[in-house]
Amino acid sequence: MGVRRAARGRRAGRLSGRLAGHGRHRTAGTLAAALGLFLLALAPGLAATSPAAGKTKVVFNVAILGEGVDSLNPFLGFQAPSYEMWGLTYDYLVGYSMKDMSPEPDLATTWKTSPDGKTWTFTVRSGVKFSDGVPLTAADVAYTYNRILHGTVEQSNWLSYLQGVTSVTAPDATTVVMKLKKPVATLPLLPIPIVPEHIWKNVSASQIKSYAAAPTGGKPVVGSGPFRLVAGSANASTFKFEANPDYWGGAPHIDEVNFQFYKNDDSAVQALIRGEADFVEGITALEVKSLQSKAGITAHNGNSPGFDEIAFNTGSTSDSKGTQKIGNPNPAVLDPKFRHALGYALNLPQLISKVYQGAGLPGTTIVPPTYTQWHWEPPASQKFTFDLTKAGQLLDAAGYKVGSDGYRTLPDGKPIGTLRLAARSDSTTSLNTMDYFHQWLSDLHIKSQVSTYSSSQLTNVIYKGDYDTFQWGWYVEPDPDSMLSYMTCGQRQGSSDSFYCNPQYDKLYNQQHTSTDKATRIADVKKMQEILYRDSPYLVTAYSSIGEAVRSDRFHCLISQPNPGGIWLEQYGVYNYEHVKPASDTSACDPAPGLTGAVKTTAAASTSSKTGPFLIGLGAVVVVALVGGGVVMMRRRTTVEDRE
């Protein structure tokens, strides 16, 4: 299913805080304070010994920005980083290729379907064991799927993959048989974490709502994945994974993976420079550019299959049928004509230039153009352009005319009031986008106010319906079915965050979901995007890239997904955690056939331990001051106040 920057074998999930911290609030004093922190932390960071220096354990330290892990329980979590934790802990029946994210074997070595498409048979690989030594069999797969089919909260994340499935059985240890009412177009895509039955059968239906699935009593979480979670809990700032030496796919080349969550990208970048982190993701295009000139670091902007949007409350309700209204949306945002008119008030090229620093493309629909066969691009006659005059004319025609006080009114003549624009405090992109939106609404004679929330706070606000608009983003899976499902009526109080409902859209969704004709299905998917574009529950603002950097003087062999041109971590699957190698391992990288562009080992930075202590400190100060200061100054120029 989709992950807010859903994924992210993972659903299209919430976009993790790619950019954190609000540039407009940053001051020279802040910079000075940050430099002070650099100096205080300098010595231990530089003293860190690289794997090449002969540490007994090879530890890969990952710096993550923004939102944290909302739950380690795969039936409860929602935020994108949670999927990363599950991917390391558990296996999936079917995985994604690194080349183009097409389905490929994981726990299932082969699969086949009956001529009528209503029976799928999977062969589960033999010899797989959970981390506590208990064998993983087809019974564990059937147990996981049946827990979803017959559960309650278990369905929220994963039912979209099992819609139409009537039964899942395991006739023997290596065979899973799935029966369906109708053919399902998305199979064999099944990126659902397979949990151990011998552990989860003791978690009742009532207990699962609060079951943490975290390490307890010094014992790691039991899973069959390439790593074992040994420390960490929901909403914690650090997580520690140990390699599973008995992993069926071969033991990883590193001993541990540690995750550290940072509140802002400046701190994460500084940690990378100091050597406290080996990898950082979610940094800005300007930070990538700065880091590309630093010895010992390799950085890039990877294409991400996701989008950012401004979303509207189209009618919040506490039930999927829409009978129990909740929240207090402004009447204007309930009207698709009002929402659509605002599409012409968005200067997307300016957003890409100023907010995304050029690392992205203006957005149109919820299926990114990366997925060429599924993406619908609006024709020129329908496509939004920045045209405040046209936006005003459309608002006038819909009855939202300028009143005697200089502000637009509702069609009944009552004041619109002040639209509430919700931004995420842990994302500079979110904050700056809503600042621009506020200004453009003002140009249209519409009052608005930007309010900031943490990602978790905003999630609660959304589900209570106490908002008019918010900014966020999604990762979209290679098959867009799950992302499309979030806009159906039945997902209200499920994965829908706009409460959008259109029976015509739902009819097309159900058609494409069971279609066995690829061309017909693609045509239906494009019609659905056209409906969404017209009704505008989302105004898609950007298809952005993700900035990443790795200490390539310490680690190499990272491969992008899709390949080439994609991202190194937070992929569909956990390929790079299994294949990344320490620089001390001089053996060739071993990417799958057809993959190219593995990160190569580079010369150590001047801040490495090979340099004398004094020179180390001096060099690091210069680097930190130049990079940190340069980044801050450059980012300050991207604020609303500085726009042209």
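Data block above holds the structure.
Residues numbered from 1 in each chain as written. Predicted model: local features only at pLDDT ≥ 70, side-chain atom pairs only at ≥ 80, totals over all residues. Heavy atoms only, no water.

A. Region of the structure containing the packing of helix H14 (residues 503-514) against helix H15 (residues 518-535). Put simply, H14 and H15 touch, their axes get as near as 9 Å, and they point 160° apart. Considering their axes alone, H14 and H15 lie roughly antiparallel with respect to each other. When the axes of H14 and H15 are compared, the crossing they make is left-handed. Residues Gln504, Tyr505, Leu508, Tyr509, Gln511 and Gln512 of H14 pack against Arg521, Asp524, Val525, Lys527, Met528, Ile531, Leu532 and Arg534 of H15. Looking at the contact of H14 with H15 residue by residue, the class counts come to 7 nonpolar, 3 polar and 4 charged. (Axes fitted to C-alpha atoms, helices over the stretch in contact; angles between N-to-C directions. Helix = DSSP H or I, 4+ residues; strand = E, 2+ residues; numbered from the N terminus. Parallel < 35°, antiparallel > 145°, perpendicular 65-115°, else oblique. Left-handed = near helix turned anticlockwise from the far one by under 90°. Contact = heavy atoms within 4.5 Å. Nonpolar A, V, L, I, M, F, W, Y, C, P; charged D, E, K, R; others polar.)

B. Structural context of the sheet that holds strand E4 (residues 108-113). On the basis of which strands lie adjacent, the open sheet formed by 4 strands has the order E4-E5-E7-E6 and antiparallel pairing. Each edge of the open sheet carries a strand with a single partner, namely E4 and strand E6 (165-172). The sheet shows a mean angle of 20° between the axes of neighbouring strands, taken without regard to direction. Pairing analysis gives 5 bridges linking E4 to strand E5 (residues 119-124), with the strands arranged antiparallel. (Pairing = 2+ DSSP bridges.)

C. Layout of the environment of Ile310. Relative to the helices and strands, Ile310 resides in strand E13 (residues 306-312). For Ile310, a relative accessible area of 0% corresponds to the buried category. In sequence terms Ile310 and Pro537 are 227 residues apart; their C-alpha atoms lie 8.5 Å from each other. Not counting chain neighbours up to four residues away, the residues in contact with Ile310 comprise Leu346, Thr433, Met434, Phe437, Thr469, Phe470, Pro537, Tyr538, Leu539 and Thr541. (Buried < 20%, exposed > 50% of the residue type's maximum accessible area, 1.4 Å probe, protein only.)

D. Molecular detail of the side chain of Ser316. Tracing the backbone shows Ser316 in the loop between E13 and helix H8 (336-342). Among the polar contacts made by the side chain of Ser316, one reaches the main-chain carbonyl oxygen of Ile326 at a distance of 2.6 Å. Filtering out sequence-adjacent residues up to four positions away, Ser316 remains in contact with Gln324, Lys325, Ile326, Gly327, Pro329, Gly465 and Phe499. (Polar contact = N/O pair within 3.5 Å; in protein donor to acceptor, adjacent residues only side chain to side chain.)

E. Looking closely at the state of the cysteines. Per the counting criterion, the structure on display carries 2 disulfides. Across a sulfur-sulfur distance of 2.0 Å, Cys489 and Cys501 are joined as a disulfide pair. With the S-S dihedral at roughly 90°, the linkage between Cys489 and Cys501 falls on the right-handed side. Residue Cys489 is found in the loop between helix H13 (481-485) and H14, and its partner Cys501 is found in the loop between H13 and H14; the two are separated by 12 residues along the sequence. Among the residues examined, Cys489 registers a relative accessible area of 10% and is labelled buried. At a sulfur-sulfur separation of 2.0 Å, the disulfide partner of Cys557 is Cys589. The chirality of the disulfide connecting Cys557 with Cys589 is left-handed, given an S-S dihedral of about -85°. You can see Cys557 sitting in the loop between strand E19 (555-556) and helix H16 (575-579) and its partner Cys589 sitting in the loop between strand E20 (581-582) and helix H17 (613-636), a full 32 residues away along the chain. Classification of Cys589 as partly exposed rests on a relative accessible area of 27%. If the cysteines joined by disulfides in the chain are listed in sequence order, their pairing comes out as 1-2, 3-4. (Disulfide = S-S within 2.5 Å.)

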